[in-house]
Amino acid sequence: MADDQRARPQPTPETKHFWDGTRAGELRLQKCDACAKVYFPPRPFCPACSSREVSVMAASGKATLHSYVIHHRKVPGFTPPYAIAVVELAEGPRMMSNIVDCPQTPEALELDMRLEVVFDKMDDEITLPLFRPAKD
Ligand SMILES: [Zn+2]
């Protein structure tokens, strides 16, 4: 890995559907067939009722900004300052990501602002889901 590249996720059997999805331009979550809980991160059983009857579903890609910190130190692959955000997906689960196409300032990053997913291809296997202010 080049020193100037961000840390690269390593897909596992449990997360393969997620990385296959981002590569195809889809944000994939899992939904429990027993209790209908939608959840993230990926795991082979429902975090609410422990059922192993779970399905993969495509999320809308819509989200709101739940929380963030602005990081000021140099980290490989990032130009400070940049926001490390927790976004809340329209389907309910929260996800850590970065906010792009937006100044990385408290003035621009308003809590609860509407966001939409964008897909940032790292290489042939990994495409990262990032979020930007919603356009509509
Ligand atoms: Zn369940």
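Each remark here, short or long, concerns the structure printed above.
The structure presented is a predicted model; accordingly, all values stated were derived computationally and were not measured.

Novice: Break down the overall build of the protein chain for me, with residues and values.
Specialist: Helices and strands together make up the secondary structure of the protein chain, namely one helix and eight strands. Walking the protein chain from its N terminus toward its C terminus, one meets helices and strands in the order α-β-β-β-β-β-β-β-β. For the protein chain, the spread of C-alpha atoms along the three principal axes comes to 45 × 35 × 25 Å. By the burial criterion, 35% of the 136 residues in the protein chain qualify as buried.

Novice: Which residues make up the coordination of the zinc ion, and what values do they have?
Specialist: Only Cys32 (SG), Cys35 (SG), Cys46 (SG) and Cys49 (SG) from the protein coordinate the zinc ion, and they sit 2.3 to 2.4 Å from it. Read in sequence order, the donor residues for the zinc ion give the motif C-x2-C-x10-C-x2-C. With Cys32 in strand E1 (residues 28–32) and Cys46 in the loop between strand E2 (38–39) and strand E3 (54–58), the pair connects residues that are 14 residues apart, well separated along the chain. Cys32 sits in the buried class, given a relative accessible area of 2%.

Novice: Can you explain the sheet that holds strand E6 (residues 94–97)? Please cite residues and give values.
Specialist: Pairing in this open sheet of five strands is antiparallel, and the strands run E6-E5-E4-E7-E8 from one edge to the other. Among the strands making up the open sheet, the edge pair consists of E6 and strand E8 (127–133). Taken over all neighbouring pairs, the strand axes of this sheet differ in orientation by 40° on average, direction set aside. By the bridge criterion, four bridges tie strand E5 (residues 82–89) to E6 in an arrangement that is antiparallel. Following the sheet pairing, Glu88 is matched in E6 by Arg94. Contacts from helix H1 (residues 16–23) reach E6, strand E7 (114–121) and E8 within the one sheet, and its direction differs from that of E8 by about 60°.

Novice: Describe the packing of aromatic side chains, with residues and values.
Specialist: Per the counting criterion, the structure on display carries three aromatic pairs. Each ring, one from Phe18 and one from Trp19, has its centre 5.0 Å from the other, and the planes form 85°; the classification is edge-to-face. Take Phe18 and Trp19: they sit in the same class, and that class is buried. Look at Phe78 and Tyr82: their rings are 4.4 Å apart centre to centre, the planes differ by 15°, and that puts the pair in the stacked class. By the burial criterion, Phe78 is buried, and Tyr82 matches it. Feature note: the residues Phe18, Trp19 and Phe40 constitute an aromatic cluster, connected by ring pairs.

Novice: Please provide a residue-by-residue account of the pairing of E6, values included.
Specialist: Only one face of E6 is buried: it carries Met95 and Ser97, and the other face, with Arg94 and Met96, is open. Between the end of E5 and the start of E6, which pair antiparallel, lie four residues, with Gly92 showing a positive phi angle near 120°.

Novice: Which residues make up the sheet that holds E3, and what values do they have?
Specialist: One open sheet holds the three strands; their spatial order is E2-E1-E3, and the pairing between them is antiparallel. The open sheet has two edge strands, E2 and E3, and neither has a second partner. Relative to E2, E1 runs antiparallel, the two sharing two bridges. When the sheet's bridge partners are listed, Gln30 is paired in E2 with Tyr39. Contacts from H1 reach E1 and E3 within the one sheet, and its direction differs from that of E1 by about 135°.

Conventions adopted
- Residues numbered from 1 in each chain as written.
- Predicted model: local features only at pLDDT ≥ 70, side-chain atom pairs only at ≥ 80, totals over all residues.
- Heavy atoms only, no water.
- Helix = DSSP H or I, 4+ residues; strand = E, 2+ residues; numbered from the N terminus.
- Buried < 20%, exposed > 50% of the residue type's maximum accessible area, 1.4 Å probe, protein only.
- Donors = N, O, S within 2.8 Å, 3.2 Å for Na, K, Ca; no water.
- Pairing = 2+ DSSP bridges.
- Axes fitted to C-alpha atoms, helices over the stretch in contact; angles between N-to-C directions.
- Contact = heavy atoms within 4.5 Å.
- Phe/Tyr/Trp six-rings, centres within 6.5 Å; stacked < 30°, edge-to-face > 60°.

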